[in-house]
Amino acid sequence: MKKQKPMGFLRFLITSGIVLSAFFATAQSSVVVDKIIAKVDNYIVLKSDLERAYLDYLSRGEFRGSNARCTILEQLVVNKMLVAKAEIDSVMVDDMEVQSNLNRRMEYMISQIGSEEEIEKYYNKSLDQIKEDLFDDIKEQMVIQRMQGEITSGIKVSPAEVRRFFNRIPQDSLPFFSTEVRVAQIVKKPTPGVTQKEKVQKLMYEIRGRILKGESFADLARQYSEDPGSAARGGELPFYKRGDLAPEFEATAMTLKEGELSMPVETQFGYHLIELQQKRGNTFKSRHILISPKPSAEDVQGAREYLDSLRTVIQEDSLTFEAAAKEYSDDQATSSSGGFFVDDSESTRVSVETLDPTIFFTLDTMEVGTITRPLEFKQPDGSQAFRILYYKERVPPHQANLKQDYQKIAKATLQDKQNKIMSEWFEDARDKVYIEIDPEYNYCDLLED
């Protein structure tokens, strides 16, 4: 998979999980003269918010209504109402939850872009400053999600509702889907053997001994730690609560006394030396040094041979590809779907345009129904792995229809139903908060009964 570009990924951090995002704002060359177009109590909606959300809507190939801008503006106003009403109803999100959410996103961002230094250089800000800039946006997003979840919980759609929704869409408004495929993978990550683990354990005990003799934990963390998010800070981690980190890490940290250094602790990420710095009830602050065992050449070859043998078993009809993926694939993102890549609607038919380029070009050399031999590839974190690909189906470009696109249409139907529920909530709640709409947008009739 390709690494995310910094600007797009930062915007993902802000907007992930919000119905309407600003994901594609920087791709546009036009300049919008900004102004406030709506006020909800102490919260505002800017014209640029509406324009970015509309561009995002268009870029996602949504089922388009005749008055999309008004629908989007209503959603933006509803989002602000959700925040305002949450404040009235005391439906709040704790700052610790926000910080934990933000830390996870930033750590993932670092793993995708490469290093903390690259991010700081691009934005000309420290990581702490970037977090501070994002904090309020993330908190508002989480409040919106919590309120929306309470209002729309339990909503489902029936096949009859899906058909009625589809039949109401004008023929010339139906989206056109490009070539789609059903492709699955089984991934095998080379696993470090006993010898490699013992080498790391020995090194960790040596580092621990040096710390106990007086060497700086921070200096040794900068020299040895392989955690990209904390190594440059001398291994410093923010406050975390139970459930945020690996269970083995938490169990050890919570049993330490402040200032105490642990023995090497193994988690799925490798081996850690942990020093507890502070406890606050059910939360704790610590620093650590992480070193991960690396697979040897023999370990790598073993992973390749394992997949090759599994491929043979599948081809001999002793096991289906889907069952093998669920049972044996090391990729959690696809194993639950039988190895198949899925789109936003959870459909196993995906546009070729969304595939990783290496997969796209591999499919170009395959026949439908075939399985590749083990292929080496780089995972998002840069580590080596192998996979076999199964090319199950190819669907030519076509206009949306119920037979081929039921899952996509069902998702659009559910979103439409949720939007109606939110509109009803809007009608009921709008008299309980102050709302003002710029006269330029009176045609949307948002304040009409």
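Treat the numbers as computed from the prediction; the structure is a model and nothing was measured. Here, residues in each chain are numbered from 1, in the same order as that chain's written sequence. Residues qualify for local features only when their pLDDT is at least 70, as the model is predicted, and side-chain atom pairs are given and counted only at 80 or more; totals for whole chains, interfaces and linings, by contrast, use all residues. Hydrogen atoms and water are omitted, and side-chain values are computed over all heavy atoms in the structure.

Caption draft 1: Summary view of the packing of aromatic side chains. For this analysis, a ring pair means two rings from Phe, Tyr or Trp (six-membered ring only for Trp) whose centres lie within 6.5 Å, classed as stacked if their planes differ by under 30 degrees, edge-to-face if by over 60, and tilted for the remaining angles. A complete count under the given rule lists 5 aromatic pairs for this structure. With 5.2 Å between their ring centres and 35° between their planes, F321 and Y390 make a pair best called tilted. One end of the pair, F321, is in helix α12 (residues 321-328); the other, Y390, is in strand β11 (residues 384-395), with 69 residues separating them in the sequence. Summarising the burial analysis for this pair, F321 and Y390 share the class buried. Put simply, DSSP marks the helices as runs of H or I at least four residues long and the strands as runs of E at least two long, and each gets a number from the N terminus on. Accessibility here uses a 1.4 Å probe with only protein chains present; expressed as a share of the type maximum, an area under 20% marks a residue as buried, one over 50% as exposed, and anything in between as partly exposed.

Caption draft 2: Representation of the confidence of the model for the protein in the model. On a scale of 0 to 100, pLDDT captures the predictor's confidence in every residue. Residue-level pLDDT values for the protein average 85, and 90% of them are 70 or greater. For this analysis, residues touch if any pair of their heavy atoms sits within 4.5 Å. Confidence drops under pLDDT 50 across residues 1-32; counting only partners more than four residues distant or on other chains, this segment forms 79 contacts.

Caption draft 3: Here's a closer look at empty space enclosed by the protein. Two kinds of site are reported from a 1 Å grid over the protein atoms alone, namely cavities, where a 1.4 Å probe fits but cannot get out, and pockets, open sets with protein on both sides within 12 Å along at least five of seven lines, and residues are called lining when an atom falls within 4 Å of a point. Grid points are joined across faces, edges and corners, and a volume is the space filled by probe spheres set on the points. Under the counting rule described, the total for this entry stands at 1 cavity of 30 Å³ or more. What lines the largest cavity is a set of 13 residues, among which N103, E107, K131, G229 and R233 lie closest to the centre. For the lining of the largest cavity, the secondary structure elements donating two or more residues are α4 (95-113) and α6 (127-152). When residues of the lining of the largest cavity are assigned to their parent elements, the largest contribution, 4 residues, is made by α4. When the residues that make up the lining of the largest cavity are grouped by side-chain class, the tally is 6 nonpolar, 3 polar and 4 charged. For this scheme, ten residues count as nonpolar: Ala, Val, Leu, Ile, Met, Phe, Trp, Tyr, Cys and Pro. Four count as charged, namely Asp, Glu, Lys and Arg, and the remainder, Gly too, count as polar.

Caption draft 4: The arrangement of helix α15 (residues 402-429) in detail. The angle between axes fitted to the seven residues ending at a residue and the seven residues starting there is what we call the bend at that residue. The axis of α15 is deflected most strongly, by about 45°, at K408. For α15, the set of buried residues is D405, K408, I409, A410, A412, T413, M422, W425, F426 and A429. A 3.5 Å cut-off defines polar contacts: any pair of N or O atoms within that distance qualifies, except that in protein one atom must be a possible hydrogen donor and the other a possible acceptor, and neighbouring residues in sequence count only when both atoms are side-chain atoms. Regarding α15, its N-cap is N401, as a side-chain oxygen of that residue lies 3.2 Å from the backbone nitrogen of K403 further along.

Caption draft 5: Structural context of the packing of helix α7 (residues 159-167) against α15. Orientation is described by lines fitted to C-alpha atoms, with helices fitted over the stretch in contact, and by angles between N-to-C directions that extend from 0 to 180 degrees. Closest axis-to-axis distance for the α7/α15 pair is 9 Å, and the angle between their directions is 90°. Taken together, α7 and α15 sit at an angle that is classed as roughly perpendicular. Mapping the contact onto sequence places P159, E161, V162, R163, F165 and F166 in α7 and L402, Y406, I409, A410, A412, T413, D416 and K417 in α15. Classifying every residue of the contact of α7 with α15 gives 9 nonpolar, 1 polar and 4 charged. Note on terminology: angles under 35 degrees are roughly parallel, angles over 145 are roughly antiparallel, angles of 65 to 115 are roughly perpendicular, and the others are oblique.

Caption draft 6: Layout of the state of the cysteines. Working definition: a disulfide is two cysteine sulfur atoms within 2.5 Å of each other. Per the counting criterion, the structure on display carries 1 disulfide. Paired through a disulfide, C70 and C444 show a sulfur-sulfur distance of 2.0 Å. Classification of the bridge connecting C70 and C444 rests on its S-S torsion, roughly -80°, and on that basis the disulfide is left-handed. One end of the pair, C70, is in helix α3 (residues 68-89); the other, C444, is in the segment after β13 (435-437), with 374 residues separating them in the sequence. Each member of the pair, C70 together with C444, is buried.

Caption draft 7: Representation of the sheet that holds β13 within the structure. Read from one edge to the other, the open sheet built from 3 strands follows the order β2-β1-β13, with strand pairing classed as antiparallel. A strand with exactly one partner marks an edge of an open sheet, and here the two such strands are β2 (43-46) and β13. Taken over all neighbouring pairs, the strand axes of this sheet differ in orientation by 20° on average, direction set aside. Here a strand pair is declared whenever DSSP counts at least two bridges between the two strands. Inspection of the sheet shows strand β1 (residues 36-40) paired to β13 by 3 bridges, in the antiparallel sense.

Caption draft 8: Up close: the nonpolar core. Put simply, buried Ala, Val, Leu, Ile, Met, Phe, Trp, Tyr and Cys residues joined by side-chain atoms within 4.5 Å make one nonpolar core. Ranked by internal contacts, the top residues of the largest apolar core, which has 49 residues, are L73, V77, M81, I119 and W425. Taken together, the elements giving at least two residues each to this core come down to β1, α2 (47-59), α3, α4, α5 (116-123), α6, α15 and β13. For this core, the leading source of residues is α3, giving 12 residues. If we skip the residues at most four places from it in the chain, V77 touches A38, V40, V45, F426, I435, I437 and L446. In this structure, L307, F321, A324 and I371 belong to the second largest nonpolar core, which totals 15 residues.

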